[in-house]
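Descriptive structure summary
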Amino acid sequence: RGRSPAVLRNQAVWHLIWNGRSESADRAITELSEAGTGAPGDPLLESDLGAAYLQRAQMEDRPADLLRALDHTRSALELRPDLLEAEFNAALLYGRLGLRRLAESAWLSYLGKETDPGWSGEAAEHLEHLRAQGEPTSKDAVRSRFEASLATRDADSLRTLVGRFGQQAIDLGQ
């Protein structure tokens, strides 16, 4: 007999929080994917699956998992725009993908809604760190941001890059 989506989700979250090993992220992804088949369109499952992919991307240096994480996180936010866990993860992901303006905007939005001092403190630290990094201007940095924007099909970010870096960004697109 199969396990319920709620049981699978709880087990997956336990693996992500308490085990902290890459095989735990793999197992969480498997369990959350299985749970999703029993509860399609569940924003919490989508958000948790995004978090699992994010964790695995960080632990194993798997950039493709950042895009998978962003996909699931965006799905969660489409299903439930007020889901703070997903909004927090979206801000993290935008930062990891080099989408600074989107990250900053997401952190500011999150901070305007979060009432828990622990989570808002962590978000404020991320925002401060992001702002302290400064704006990259080298050709490689622009290329990296441009490629991330293309990969995520982020038209707003692409417009921003072209507006900020002009011909350099246009040359990268050709």
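The present account deals with the structure reproduced in this document. From a predicted model like this one, the values you see are computed outputs, not experimental measurements.

We now examine the overall build of the protein. Within the protein one finds 10 helices and zero strands. Helices (α) and strands (β) of the protein occur, in sequence order from the N terminus, as α-α-α-α-α-α-α-α-α-α. Expressed as a percentage of the 174 residues in the protein, the buried residues total 39%. Contacts spanning at least 24 positions in sequence make up 54% of the contacts within the protein whose residues lie at least 6 apart. Summing over all exposed atoms, the protein offers an accessible surface of approximately 9,500 Å²; the carbon and sulfur share of this is 50%.

Once that is clear, we can look at the packing of aromatic side chains. If you walk through the whole model with that rule in mind, you get four aromatic pairs. Where Phe-88 meets Trp-107, the ring centres are 5.0 Å apart and the plane angle is 85°; that geometry is what we call edge-to-face. Taken as a pair, Phe-88 in helix H5 (residues 84–96) and Trp-107 in helix H6 (residues 100–111) lie far apart in primary sequence, 19 residues in all. Their ring planes at 85° and their centres at 6.3 Å tell us that Trp-107 and Tyr-110 sit as a pair that is edge-to-face. With Trp-107 and Tyr-110 both in helix H6 and three residues apart, the pair spans about one turn of that helix. An aromatic cluster of at least three residues, connected via ring pairs, comprises Phe-88, Trp-107, Tyr-110 and Trp-119.

One can find Ser-149 in helix H8 (residues 139–151). Using a relative accessible area of 0% as the deciding quantity, one classes Ser-149 as buried.

Another point: H5. Helix length check: H5, at 13 residues, gives a terminal C-alpha distance of 18 Å against a target of 18 Å (1.5 Å per residue), a fit within 8%. Here H5 has its buried residues at Ala-86, Glu-87, Phe-88, Asn-89, Ala-90, Ala-91, Leu-92, Leu-93 and Tyr-94.

Under the criterion given, the structure shown has seven salt bridges. Across the salt bridge formed by Asp-65 and Arg-68, the nearest N and O atoms sit 2.7 Å from each other. Taken together, the residues Asp-65 and Arg-68, both in helix H4 (residues 63–79) and three residues apart, mark about one turn of the helix. When salt bridges that share partners are traced, they join Arg-56, Glu-60, Arg-62, Asp-65 and Arg-68 into one network.

Its identity is not glycine, yet Asp-61 carries a phi of approximately 50°, on the positive side. Examined against the element boundaries, Asp-61 turns out to sit in the loop between helix H3 (43–60) and H4.

Cut-offs applied
Residues numbered from 1 in each chain as written. Predicted model: local features only at pLDDT ≥ 70, side-chain atom pairs only at ≥ 80, totals over all residues. Heavy atoms only, no water. Helix = DSSP H or I, 4+ residues; strand = E, 2+ residues; numbered from the N terminus. Buried < 20%, exposed > 50% of the residue type's maximum accessible area, 1.4 Å probe, protein only. Contact = heavy atoms within 4.5 Å. Areas by Shrake-Rupley, 256 points an atom, 1.4 Å probe, with all protein chains shown as cover. Phe/Tyr/Trp six-rings, centres within 6.5 Å; stacked < 30°, edge-to-face > 60°. Expected span 1.5 Å × (residues − 1). Salt bridge = Lys/Arg side-chain N within 4 Å of Asp/Glu carboxyl O.

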